[in-house]
Amino acid sequence: AQTVTQSQPEMSVQEAETVTLSCTYDTSESNYYLFWYKQPPSRQMILVIRQEAYKQQNATENRFSVNFQKAAKSFSLKISDSQLGDTAMYFCAFMKWGTGANSKLTFGKGITLSVRP
Amino acid sequence: GAVVSQHPSWVICKSGTSVKIECRSLDFQATTMFWYRQFPKQSLMLMATSNEGSKATYEQGVEKDKFLINHASLTLSTLTVTSAHPEDSSFYICSAPALGGRAGGEQFFGPGTRLTVL
């Protein structure tokens, strides 16, 4: 079974600054995917970024980037130039290789990020 | 991107009644859908995997007779909370991977349903 650990329950950052959210995971799978999802106050889950484990290059999406350390089983999210709209709960998630019913996600506990004006 | 809808968005019911929540994939087909439960400030907990044309697969600790899942078509899965009690009050979310999508493809989440049992 897979586990995803987010040990920081809350973080706060000043607008325009950079913040890093931590995530570690444990798995015996060799092929898998890692995700960061954002859940704003509306509670709609939004995909922030996705990383394939077989890729060494860290994924980036505009202001969002990850530091993927496969050997250490670490997957942190860096948010640059933080904006007020980034205020949300962020979940790190794991998906093992597969389709259909095998594509279920395992979520971490989440971290509440507040961006201060 | 693909859209998943849920209906209703918010429902209030009396204790002992049953409530049905619908999850629809609007512009793609989904042979599989997932149902999650989320309490305030907590993570999403997978309840069950809904499979089109076959029985749902429930996670350990989830009561099958209480949370009935039906996946009758490639675009619709329903979750029925039977004999609801106040402790069933929660936020229920469904998700679906796009049919034919490659492994690890994005899952699409519904907007969630808030259930309040009085």
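Predicted, not measured: the structure shown is a model, and the values here were computed from it.

Brief notes about the sheet that holds strand β1 (residues 4-7) of chain B
Sheets are built from strands that pair by backbone hydrogen bonding, the pairs being arranged parallel or antiparallel. Residue and element names in this part refer to chain B. Ordered by their spatial adjacency, four strands build an open sheet running β1-β3-β8-β7, and the pairing between neighbours is antiparallel. The sheet terminates laterally at β1 and β7 (67-73), the two strands that pair on one side only. Neighbour-to-neighbour, the strand axes of this sheet turn through a mean angle of 15°, independent of strand direction. Across four bridges, the pairing between β1 and strand β3 (residues 19-25) is antiparallel. Note that in β3 the partner of histidine 7 across the bridge is glutamate 22.

Re the packing of aromatic side chains
Considering all chains together, one arrives at 15 aromatic pairs over all chains under this definition. Above the face of the B:Phe91 ring, A:Arg43 is positioned so that its terminal group lies 4.0 Å from the ring centre.

A look at the interface of chain B and chain A
Facing 27 residues of chain B, the contacting portion of chain A comprises 24 residues. When chain B packs against chain A, the two sides together hide about 2,000 Å² of surface, and 54% of this comes from carbon and sulfur. The interface formed by chain B and chain A holds one salt bridge in total. For the salt bridge of A:Lys104 with B:Glu59, the shortest nitrogen-to-oxygen distance reads 3.2 Å. At the boundary of chain B and chain A, one finds six residue pairs in polar contact (both at pLDDT 80 or more). Those elements that provide at least two residues to the side of chain B that touches chain A are β4 (32-38), β5 (44-51), β9 (90-97) and β10 (107-109) of chain B. A per-class count over the side of chain B that touches chain A returns twelve nonpolar, eleven polar and four charged.

Each value, and the rule that gives it
Residues numbered from 1 in each chain as written. Chains lettered and ligands numbered in written order. Predicted model: local features only at pLDDT ≥ 70, side-chain atom pairs only at ≥ 80, totals over all residues. Heavy atoms only, no water. Pairing = 2+ DSSP bridges. Helix = DSSP H or I, 4+ residues; strand = E, 2+ residues; numbered from the N terminus. Axes fitted to C-alpha atoms, helices over the stretch in contact; angles between N-to-C directions. Phe/Tyr/Trp six-rings, centres within 6.5 Å; stacked < 30°, edge-to-face > 60°. Lys NZ or Arg CZ within 6 Å of the ring centre and 35° of its normal. Contact = heavy atoms within 4.5 Å. Buried area = accessible area lost by both parts, 1.4 Å probe. Salt bridge = Lys/Arg side-chain N within 4 Å of Asp/Glu carboxyl O. Polar contact = N/O pair within 3.5 Å; in protein donor to acceptor, adjacent residues only side chain to side chain. Nonpolar A, V, L, I, M, F, W, Y, C, P; charged D, E, K, R; others polar.

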